[in-house]
Amino acid sequence: MAVSVLAILLACSAVASASFDKEFDITWGDGRGKILNNGQLLTLGLDKVSGSGFQSKHEYLYGKIDMQLKLVSGNSAGTVTAYYLSSQGPTHDEIDFEFLGNVTGEPYTLHTNVFTQGQGQREQQFRLWFDPTNDFHTYSILWNPKHIIFMVDDMPIRDFKNLEGKGIAFPKNQPMRLYSSLWNAAGGRPRCGSSVGTEVAPGTGAAGEWYNQELDLTRQQRMRWVQSNYMIYNYCTDPKRVAKGVPAECSM
Ligand SMILES: *[C@@H]1O[C@H](CO)[C@@H](O)[C@H](O)[C@H]1NC(C)=O
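Just so it is clear, the model here is predicted, and its values are computed rather than measured.

**Some details on the site of the ligand**
Right, so step 1: The environment of the ligand is made up of Leu100, Gly101, Asn102, Glu106, Pro107, Tyr108, Thr109 and Arg127.
Right, so step 2: Between Glu106 and the ligand, the recorded distance is 2.8 Å, taken from a side-chain N or O atom to an oxygen atom.
Right, so step 3: The contact in question runs from an oxygen atom of the ligand to an N or O atom on the side chain of Arg127, over 3.0 Å.
Right, so step 4: Across the shell around the ligand, the residue classes break down as three nonpolar, three polar and two charged.

**What about helix 2 (residues 217–230)?**
Right, so step 1: Here helix 2 contains 14 residues, and its C-alpha end-to-end distance of 20 Å stays within 8% of the 20 Å for a straight helix at 1.5 Å per residue.
Right, so step 2: Where helix 2 is concerned, the buried positions are Arg219, Met223 and Val226. Down the axis of helix 2, the sector holding all buried residues measures 60°, keeping them to one side. For helix 2, exposure combined with an orientation more than 90 degrees from the buried face picks out Leu217 and Ser228.

**Side note on the UniProt feature "glycosylation site" (unreviewed entry) in the protein**
Right, so step 1: Following the UniProt record, the feature "glycosylation site" (unreviewed entry) maps to Asn102 here.
Right, so step 2: For Asn102, the position within the fold is in the loop between strand 8 (94–100) and strand 9 (109–115).
Right, so step 3: Contact partners of Asn102, with chain neighbours within four places excluded, come to Gly74, Asn75, Ser76, Ala77 and Pro107.

Rules used throughout
Residues numbered from 1 in each chain as written. Predicted model: local features only at pLDDT ≥ 70, side-chain atom pairs only at ≥ 80, totals over all residues. Heavy atoms only, no water. Near = heavy atom within 4 Å. Polar contact = N/O pair within 3.5 Å; in protein donor to acceptor, adjacent residues only side chain to side chain. Nonpolar A, V, L, I, M, F, W, Y, C, P; charged D, E, K, R; others polar. Helix = DSSP H or I, 4+ residues; strand = E, 2+ residues; numbered from the N terminus. Expected span 1.5 Å × (residues − 1). Buried < 20%, exposed > 50% of the residue type's maximum accessible area, 1.4 Å probe, protein only. Arc of directions from axis to C-beta. UniProt positions renumbered as here; feature names shortened; annotations may be inferred. Contact = heavy atoms within 4.5 Å.

Written out as C-alpha coordinates, the structure reads:
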(Lines give C-alpha, C1' and ligand atoms only; values in the text may rest on other atoms or scores of the structure.)
Protein backbone atom coordinates (compact mmCIF):
# COMPACT_ATOMS: atom_id res chain seq x y z
CA MET A 1 0.00 0.00 0.00
CA ALA A 2 1.02 3.54 -0.65
CA VAL A 3 2.27 5.09 2.55
CA SER A 4 3.28 8.57 1.56
CA VAL A 5 0.47 10.31 -0.22
CA LEU A 6 0.38 13.41 -2.34
CA ALA A 7 -3.11 14.86 -2.53
CA ILE A 8 -3.70 17.03 -5.53
CA LEU A 9 -6.74 19.23 -5.65
CA LEU A 10 -8.15 20.62 -8.82
CA ALA A 11 -9.72 24.03 -8.46
CA CYS A 12 -11.78 24.77 -11.47
CA SER A 13 -11.81 28.52 -11.69
CA ALA A 14 -10.52 28.64 -15.24
CA VAL A 15 -11.97 25.47 -16.67
CA ALA A 16 -15.58 25.52 -15.54
CA SER A 17 -16.37 21.83 -15.71
CA ALA A 18 -12.85 20.66 -15.06
CA SER A 19 -12.29 17.48 -13.21
CA PHE A 20 -9.30 15.22 -12.99
CA ASP A 21 -11.22 12.52 -14.88
CA LYS A 22 -11.63 14.80 -17.86
CA GLU A 23 -8.28 16.54 -17.77
CA PHE A 24 -5.78 13.99 -16.50
CA ASP A 25 -4.77 10.33 -16.68
CA ILE A 26 -2.89 8.52 -13.98
CA THR A 27 -0.06 7.01 -15.95
CA TRP A 28 2.03 4.96 -13.58
CA GLY A 29 2.31 3.73 -10.00
CA ASP A 30 0.11 0.62 -10.12
CA GLY A 31 -2.81 1.89 -8.00
CA ARG A 32 -0.77 4.38 -5.95
CA GLY A 33 -2.37 7.23 -7.85
CA LYS A 34 -6.13 7.72 -7.42
CA ILE A 35 -8.81 10.09 -8.63
CA LEU A 36 -11.40 10.70 -5.89
CA ASN A 37 -14.36 12.95 -4.97
CA ASN A 38 -15.95 12.99 -8.44
CA GLY A 39 -12.69 13.99 -10.04
CA GLN A 40 -11.91 16.90 -7.74
CA LEU A 41 -9.07 15.26 -5.89
CA LEU A 42 -6.06 13.35 -7.12
CA THR A 43 -3.73 11.55 -4.76
CA LEU A 44 -0.32 10.19 -5.59
CA GLY A 45 1.29 7.57 -3.41
CA LEU A 46 4.91 6.69 -2.74
CA ASP A 47 6.26 3.62 -1.02
CA LYS A 48 9.49 1.67 -1.16
CA VAL A 49 8.46 -0.10 -4.37
CA SER A 50 7.23 2.75 -6.48
CA GLY A 51 6.07 6.33 -6.75
CA SER A 52 3.28 7.47 -9.06
CA GLY A 53 2.37 10.11 -11.56
CA PHE A 54 -0.22 11.63 -13.84
CA GLN A 55 -0.36 13.59 -17.06
CA SER A 56 -2.81 15.88 -18.80
CA LYS A 57 -4.96 14.40 -21.56
CA HIS A 58 -4.53 17.55 -23.61
CA GLU A 59 -1.51 19.34 -24.96
CA TYR A 60 -1.10 23.09 -24.63
CA LEU A 61 0.71 25.66 -26.70
CA TYR A 62 1.42 28.33 -24.09
CA GLY A 63 -0.29 28.45 -20.73
CA LYS A 64 -0.16 29.44 -17.11
CA ILE A 65 0.00 26.68 -14.52
CA ASP A 66 -0.48 27.40 -10.81
CA MET A 67 0.33 24.42 -8.60
CA GLN A 68 -0.47 24.64 -4.91
CA LEU A 69 1.87 22.35 -3.05
CA LYS A 70 2.59 21.46 0.53
CA LEU A 71 5.72 19.36 0.67
CA VAL A 72 6.44 16.40 2.89
CA SER A 73 7.86 17.39 6.27
CA GLY A 74 10.38 15.52 8.40
CA ASN A 75 12.72 13.22 6.56
CA SER A 76 12.10 13.68 2.83
CA ALA A 77 15.66 12.87 1.75
CA GLY A 78 15.71 11.24 -1.67
CA THR A 79 12.17 12.21 -2.63
CA VAL A 80 11.54 14.20 -5.77
CA THR A 81 8.25 16.01 -6.25
CA ALA A 82 8.07 17.26 -9.79
CA TYR A 83 5.79 18.99 -12.17
CA TYR A 84 6.73 19.86 -15.70
CA LEU A 85 5.51 20.68 -19.15
CA SER A 86 6.99 18.63 -21.98
CA SER A 87 6.54 17.86 -25.66
CA GLN A 88 7.61 14.56 -27.24
CA GLY A 89 10.55 13.39 -29.30
CA PRO A 90 14.31 13.93 -29.59
CA THR A 91 14.00 17.68 -30.13
CA HIS A 92 11.46 18.14 -27.37
CA ASP A 93 10.88 21.29 -25.31
CA GLU A 94 10.46 21.08 -21.55
CA ILE A 95 9.93 23.36 -18.54
CA ASP A 96 10.72 21.82 -15.13
CA PHE A 97 9.88 22.54 -11.50
CA GLU A 98 11.31 19.97 -9.06
CA PHE A 99 11.57 19.80 -5.28
CA LEU A 100 14.42 17.73 -3.88
CA GLY A 101 13.76 16.55 -0.34
CA ASN A 102 16.22 16.57 2.53
CA VAL A 103 16.78 15.06 5.96
CA THR A 104 14.78 16.44 8.90
CA GLY A 105 15.51 20.09 9.61
CA GLU A 106 17.46 20.72 6.41
CA PRO A 107 16.09 22.71 3.48
CA TYR A 108 14.54 21.53 0.24
CA THR A 109 16.14 22.50 -3.06
CA LEU A 110 13.90 24.00 -5.71
CA HIS A 111 15.31 22.96 -9.07
CA THR A 112 14.33 24.54 -12.40
CA ASN A 113 15.34 23.77 -15.97
CA VAL A 114 14.37 24.66 -19.53
CA PHE A 115 14.88 22.47 -22.62
CA THR A 116 14.63 23.86 -26.13
CA GLN A 117 14.89 21.59 -29.17
CA GLY A 118 16.11 18.71 -26.97
CA GLN A 119 18.82 20.85 -25.37
CA GLY A 120 18.60 21.26 -21.58
CA GLN A 121 21.39 21.84 -19.04
CA ARG A 122 19.97 25.22 -18.06
CA GLU A 123 19.61 24.43 -14.38
CA GLN A 124 18.99 27.05 -11.75
CA GLN A 125 18.41 26.07 -8.14
CA PHE A 126 17.01 28.01 -5.21
CA ARG A 127 16.33 27.86 -1.52
CA LEU A 128 12.91 29.07 -0.43
CA TRP A 129 12.33 32.01 1.93
CA PHE A 130 9.77 30.02 3.91
CA ASP A 131 9.31 26.46 5.09
CA PRO A 132 7.48 24.74 2.20
CA THR A 133 6.29 21.94 4.52
CA ASN A 134 4.25 24.23 6.80
CA ASP A 135 1.64 25.36 4.38
CA PHE A 136 0.43 25.40 0.80
CA HIS A 137 2.30 27.73 -1.56
CA THR A 138 1.72 28.45 -5.23
CA TYR A 139 4.39 27.48 -7.74
CA SER A 140 3.67 28.82 -11.23
CA ILE A 141 4.92 28.49 -14.77
CA LEU A 142 3.90 31.22 -17.17
CA TRP A 143 4.72 30.29 -20.76
CA ASN A 144 3.84 32.79 -23.47
CA PRO A 145 5.41 33.69 -26.83
CA LYS A 146 8.00 35.99 -25.22
CA HIS A 147 8.81 34.53 -21.81
CA ILE A 148 8.93 31.51 -19.59
CA ILE A 149 8.56 32.91 -16.07
CA PHE A 150 8.89 30.77 -12.95
CA MET A 151 7.10 32.15 -9.87
CA VAL A 152 6.75 31.25 -6.22
CA ASP A 153 3.70 32.85 -4.58
CA ASP A 154 3.63 35.28 -7.49
CA MET A 155 7.26 36.27 -6.83
CA PRO A 156 9.22 35.83 -10.09
CA ILE A 157 12.38 33.77 -9.58
CA ARG A 158 13.42 33.11 -13.18
CA ASP A 159 12.66 34.62 -16.58
CA PHE A 160 13.76 32.67 -19.67
CA LYS A 161 13.30 35.15 -22.48
CA ASN A 162 12.58 34.57 -26.12
CA LEU A 163 15.92 35.48 -27.74
CA GLU A 164 15.23 33.92 -31.12
CA GLY A 165 16.38 37.15 -32.69
CA LYS A 166 19.85 36.27 -31.32
CA GLY A 167 19.70 32.73 -32.63
CA ILE A 168 18.59 31.01 -29.40
CA ALA A 169 15.75 28.53 -29.70
CA PHE A 170 12.56 29.18 -27.73
CA PRO A 171 9.69 26.73 -27.17
CA LYS A 172 6.93 27.98 -29.43
CA ASN A 173 5.68 25.35 -31.83
CA GLN A 174 5.64 22.03 -29.99
CA PRO A 175 2.57 21.68 -27.77
CA MET A 176 3.32 20.34 -24.32
CA ARG A 177 1.56 18.09 -21.86
CA LEU A 178 1.53 18.71 -18.11
CA TYR A 179 3.09 15.92 -16.02
CA SER A 180 3.40 15.52 -12.28
CA SER A 181 4.99 12.82 -10.22
CA LEU A 182 6.25 11.78 -6.85
CA TRP A 183 9.10 9.34 -6.58
CA ASN A 184 12.01 8.37 -4.45
CA ALA A 185 15.27 8.90 -6.27
CA ALA A 186 17.19 7.03 -3.61
CA GLY A 187 14.78 4.13 -3.28
CA GLY A 188 14.87 4.25 0.51
CA ARG A 189 12.18 3.68 3.06
CA PRO A 190 8.69 5.14 2.78
CA ARG A 191 8.04 8.74 3.76
CA CYS A 192 4.88 9.82 5.47
CA GLY A 193 2.67 12.82 5.34
CA SER A 194 3.28 14.32 1.93
CA SER A 195 0.45 16.50 0.84
CA VAL A 196 0.17 18.45 -2.33
CA GLY A 197 -2.65 20.44 -3.84
CA THR A 198 -2.62 21.91 -7.26
CA GLU A 199 -4.65 24.48 -9.02
CA VAL A 200 -4.32 23.90 -12.71
CA ALA A 201 -5.32 26.60 -15.16
CA PRO A 202 -3.66 25.78 -18.45
CA GLY A 203 -4.57 27.87 -21.45
CA THR A 204 -4.23 27.40 -25.19
CA GLY A 205 -3.11 30.86 -26.10
CA ALA A 206 -6.63 32.01 -26.84
CA ALA A 207 -7.19 34.24 -23.87
CA GLY A 208 -5.85 35.29 -20.51
CA GLU A 209 -3.83 38.16 -19.17
CA TRP A 210 -0.80 35.88 -18.96
CA TYR A 211 -0.51 35.65 -22.74
CA ASN A 212 1.06 39.12 -23.03
CA GLN A 213 2.51 39.30 -19.56
CA GLU A 214 6.06 40.54 -18.97
CA LEU A 215 7.84 41.57 -15.78
CA ASP A 216 7.53 45.26 -15.03
CA LEU A 217 10.42 47.07 -13.31
CA THR A 218 9.18 46.34 -9.80
CA ARG A 219 8.86 42.65 -10.50
CA GLN A 220 12.27 42.55 -12.21
CA GLN A 221 13.73 44.04 -9.02
CA ARG A 222 11.96 41.44 -6.91
CA MET A 223 13.35 38.68 -9.11
CA ARG A 224 16.86 40.06 -8.72
CA TRP A 225 16.35 40.13 -4.94
CA VAL A 226 15.43 36.44 -4.97
CA GLN A 227 18.29 35.58 -7.28
CA SER A 228 20.90 37.38 -5.21
CA ASN A 229 19.64 36.01 -1.89
CA TYR A 230 18.26 32.55 -2.62
CA MET A 231 19.83 31.21 -5.80
CA ILE A 232 22.26 28.40 -4.96
CA TYR A 233 23.16 27.19 -8.45
CA ASN A 234 23.20 28.90 -11.83
CA TYR A 235 24.42 27.13 -14.98
CA CYS A 236 25.61 30.49 -16.32
CA THR A 237 28.12 30.97 -13.49
CA ASP A 238 29.11 27.34 -12.76
CA PRO A 239 32.93 27.40 -13.09
CA LYS A 240 32.95 23.95 -14.74
CA ARG A 241 30.44 25.11 -17.31
CA VAL A 242 32.08 28.49 -17.83
CA ALA A 243 35.38 26.75 -18.63
CA LYS A 244 33.72 24.80 -21.44
CA GLY A 245 31.61 27.70 -22.64
CA VAL A 246 28.10 28.50 -21.45
CA PRO A 247 25.09 28.94 -23.75
CA ALA A 248 24.79 32.29 -25.51
CA GLU A 249 21.80 33.47 -23.44
CA CYS A 250 24.07 33.69 -20.37
CA SER A 251 25.81 36.76 -21.75
CA MET A 252 22.58 38.60 -22.60
C1 LIG B 1 20.27 19.33 2.35
O2 LIG B 1 20.73 20.21 3.35
C3 LIG B 1 22.13 20.48 3.28
C4 LIG B 1 22.52 21.28 4.50
O5 LIG B 1 21.82 22.48 4.59
C6 LIG B 1 22.43 21.19 1.98
O7 LIG B 1 23.82 21.47 1.85
C8 LIG B 1 21.99 20.32 0.82
O9 LIG B 1 22.15 21.02 -0.40
C10 LIG B 1 20.52 19.94 0.97
N11 LIG B 1 20.16 18.94 -0.05
C12 LIG B 1 19.17 19.14 -0.91
C13 LIG B 1 18.91 18.02 -1.87
O14 LIG B 1 18.52 20.16 -0.93
